[in-house]
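# Overview (structure and organization)
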There are 2 protein chains.
Amino acid sequence: MGAVIPLEDDRGRSKNAVTQLQSLVAKDMESVNEFIRERMGSEVPMIPELASHLINSGGKRLRPMLTLASAQMCNYVGHDHIKLAAAVEFMHTATLLHDDVVDESDLRRGTKTARMLWGNQASVLVGDFLLGRAFKLMVETRSLRCLEILSNAAAVIAEGEVMQLAAAKDTSTTEDAYLRVIQAKTAALFSAATEIGAVIAERNGNEAAALESYGRNLGIAFQLVDDALDYGGRAATLGKNTGDDFREGKITLPVVLAFRRGNDEERAFWQRVLQDGDRREGDLEHALGLMTRHEALTDTIARARHYGAIAIDALAIFPASPYRDALTALVEFCINRNH
Amino acid sequence: MGAVIPLEDDRGRSKNAVTQLQSLVAKDMESVNEFIRERMGSEVPMIPELASHLINSGGKRLRPMLTLASAQMCNYVGHDHIKLAAAVEFMHTATLLHDDVVDESDLRRGTKTARMLWGNQASVLVGDFLLGRAFKLMVETRSLRCLEILSNAAAVIAEGEVMQLAAAKDTSTTEDAYLRVIQAKTAALFSAATEIGAVIAERNGNEAAALESYGRNLGIAFQLVDDALDYGGRAATLGKNTGDDFREGKITLPVVLAFRRGNDEERAFWQRVLQDGDRREGDLEHALGLMTRHEALTDTIARARHYGAIAIDALAIFPASPYRDALTALVEFCINRNH
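All figures in this text were calculated on a predicted structure; none of them were measured in a lab.

### Looking at helix α14 (residues 283–293) of chain A
All names here are of chain A. Along α14, the residues classified as buried are A287, L288 and M291. What you see down the axis of α14 is that its buried residues fit within an arc of 100 degrees, all on one side. Of the exposed residues in α14, those oriented more than 90 degrees away from the buried face are E285, G289 and R293. Its buried side turned inward, α14 meets α11 (244–247), α12 (253–261), α13 (264–275) and α15 (296–314). Of the residues one or two after α14, E295 is the one with positive phi, at around 55 degrees.

### Points about the interface of chain A and chain B
Contact with chain A, which involves 35 residues of that partner, is made by 35 residues of chain B. At the level of secondary structure, the elements contributing two or more residues to the side of chain A that touches chain B comprise α3 (46–55), α5 (80–102), α7 (120–141) and α8 (144–167) of chain A. Broken down by element, the side of chain A that touches chain B gets its largest block of residues, 14 residues, from α8 of chain A. Per-class residue counts for the side of chain A that touches chain B are 22 nonpolar, six polar and seven charged.

### Observations concerning the nonpolar core
Counting 244 residues, the largest nonpolar core has A69 and A221 of chain A together with A69 and A221 of chain B as its most contacted members. Dropping the residues within four chain positions of it, A221 of chain B is found in contact with A304, Y307, G308, A311, V331, C334 and I335 of chain B.

### Digging into helix α10 (residues 206–229) of chain B
Between the first and last C-alpha of α10 of chain B there are 34 Å, a value that for 24 residues agrees with the 34 Å anticipated at 1.5 Å per step. Burial runs high along α10 of chain B: 20 of the 24 residues are buried.

### Examining the relation of the copies chain A and chain B
When chain A is brought onto chain B, the operation consists of a screw motion whose angular component is 180 degrees and whose axial shift is 0.0 Å, with 0.0 Å RMSD remaining. Expressed as an axis order, the relation between the two copies is that of a two-fold axis. Mapped onto chain B, 100% of the interface residues of chain A are again interface residues, and the two copies thus contact each other with one and the same surface.

### Brief notes about the environment of F246 of chain A
All names here are of chain A. Secondary-structure assignment places F246 in helix α11. Among the residues examined, F246 registers 21 C-beta atoms within 10 Å and is labelled buried. C-alpha of F246 to C-alpha of R279: the two residues are 33 residues apart in sequence and 9.2 Å apart in space. Beyond its immediate sequence surroundings of up to four residues, F246 is in contact with L284 and A287.

### Examining unusual backbone geometry
Most peptide bonds take the trans form, and the phi angle of most residues other than glycine is negative. In the Ramachandran plot, E295 of chain A falls in the positive-phi region, its phi being about 55 degrees despite a non-glycine side chain. Its place among the elements puts E295 of chain A in the loop between α14 and α15.

### Observations concerning the packing of helix α2 (residues 26–39) of chain A against α5 of chain A
All names here are of chain A. The contact between α2 and α5 brings their axes to 9 Å, and the two run at 60 degrees. In this view, α2 runs oblique relative to α5, as classed from their interaxial angle. Taken as a pair, α2 and α5 cross one another with a handedness that is right-handed. Side by side, α2 and α5 meet where D28, S31, V32, F35, I36 and R39 of the first sit next to I82, K83, A85, A86 and E89 of the second. Taken together, the residues of the contact of α2 with α5 sort by class into six nonpolar, one polar and four charged.

### So, the packing of α7 of chain A against helix α5 (residues 80–103) of chain B
Close contact between α7 of chain A and α5 of chain B brings their axes to 9 Å; oriented N to C, the two are set at 155 degrees. One element, α7 of chain A, and the other, α5 of chain B, form an angle in the roughly antiparallel class. The element α7 of chain A and its partner α5 of chain B pack so that their crossing is left-handed. In this structure, α7 of chain A contributes Q121, V124, L125 and D128 of chain A to the contact, and α5 of chain B contributes H98, V101 and V102 of chain B. Grouping the constituent residues of the contact of α7 of chain A with α5 of chain B by class yields four nonpolar, two polar and one charged.

Basis of the calculations
- Residues numbered from 1 in each chain as written.
- Chains lettered and ligands numbered in written order.
- Predicted model: local features only at pLDDT ≥ 70, side-chain atom pairs only at ≥ 80, totals over all residues.
- Buried ≥ 20, exposed ≤ 12 C-beta atoms within 10 Å, placed from the backbone.
- Helix = DSSP H or I, 4+ residues; strand = E, 2+ residues; numbered from the N terminus.
- Arc of directions from axis to C-beta.
- Contact = placed C-beta atoms within 7 Å.
- Nonpolar A, V, L, I, M, F, W, Y, C, P; charged D, E, K, R; others polar.
- Core = buried A, V, L, I, M, F, W, Y, C linked by C-beta atoms within 7 Å.
- Expected span 1.5 Å × (residues − 1).
- Least-squares fit on C-alpha atoms with pLDDT ≥ 70 in both.
- Axes fitted to C-alpha atoms, helices over the stretch in contact; angles between N-to-C directions.
- Parallel < 35°, antiparallel > 145°, perpendicular 65-115°, else oblique.
- Left-handed = near helix turned anticlockwise from the far one by under 90°.

Structure (structure tokens):
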């Protein structure tokens, strides 16, 4: 089975893709949300207040959805996938809380970050709390293999973040080095989320490997599209939530490509704005112009499409099912989304 | 068996107490140190650099020592206590890294904190990395009960830190509220460290409960003495590492006692310096004078002695052994130490 991903943007279809997955796991997701509400509780009021600010801020619950769908596709019978999905969402939330502190971000999904409302200190500590609660949930499933996969992911994610910190200001970062960063900081949780779906269903062989591969490649594609969207996506048009990476001086693939394809003068520009942090009026617009000239954004999405194709091929060993269809369509959604 | 703790400071004896424990677990501790070196490794050089700065900074390895001694006292035969002890030290290190960020501390044990050398961001992320690695180590032991105890401790520790953050500036905090904070932020890891020693030796009943109680009460005593030492201890004399809590505006038991026992003028002083953060030349000396007048430091240590006595009684169900003697003597060491 080859990868069939539309070359053209196809918003309607992509929207249907994620809706399709959402409705397949809707009932399970209600249970996940119940666990999330219950397990983020504490006698210290600041903890559920801060945690729910982020958890209820309209995220798509993509990662727990992946765990639920993967388990269902493997015909899992039981309830432990619910706990695992909630644990995955807690791990993700903990990462976001710490990321916002590390990146000194003021806004996330258009609203003030927790650190702006409750302070950096509380964000670090509530992140730690959620990580602890995530591990408690996993332990309750008594699946040592799932615990192994998720605890490994926790270390790898942090490793990826440190890698990015170390590489943050180097415009001559190679594409390979950048891929190592996003494999660790983003794709590791995607692949853990999908692999544990197979593991909890006791499909430890080919199916676990296939879902691990699907999750990893989907995660890479997802992050690459995210990086392109931060510069307005293919169209290079800026909305209210774009330009954050530029302002934070982050080196992402669009920058890596534009830098490598640029002339000396252009490279000096990238070094000034991202390496030296000397940003002036009009710099973002100039950056977008260079990205457009060198096709850095369309090629970032082309790279994403490559990983998306691998993800779809990974699913081919599973018999046709609404879950396989929805997971396949999800790849398209991730690549064609505009937010 | 009653608690026999000398009322007088007895440095020589206390020093022997910790040396006694150290030599009993010396061989195991070498293996723990090997695991620590190995498992803090990463292809990202900043991670082992930052982690080893703190891990090799001359800490006493008290918590892993507790796990080793507890397991040995329960006649454990095997090697998993080594991994658990290393995991406990990683959890402790992660907590310290995050604490220094939260408290904006410049110095720890007389040397610059990791956050001063590598930045807040790296300290948060390397803390996360070590927490992930700690869980990996635990999972390798395949003991679900140990995983349960330690993952619960991880959430409780963070909960305690948030509690402290919320209560941080309130000079009218009650002693009970303060005890709840230190039970969570300090004693939870001590009790987990000792309880898992019994659990890994499959002594899940009275012995696990006794060691849990020993660890918890030792942890409370340890933290109370720490709080007194921050004001120079019983003698109220300041060295180079004292006065940190005062400068950070932390409300600890010496302050709680001095505030409650003080008159209106004195309470206004505590509110100005700790609640409003308006500290002037000579304030620390004045604070020490008030603590001496109200016996706040000697009584903080008297409170510690109370919990120490409970810890010692908890051990009474174990037959006499060098381990029991050393763990008993350790309580004295923790109470009589001067650093």
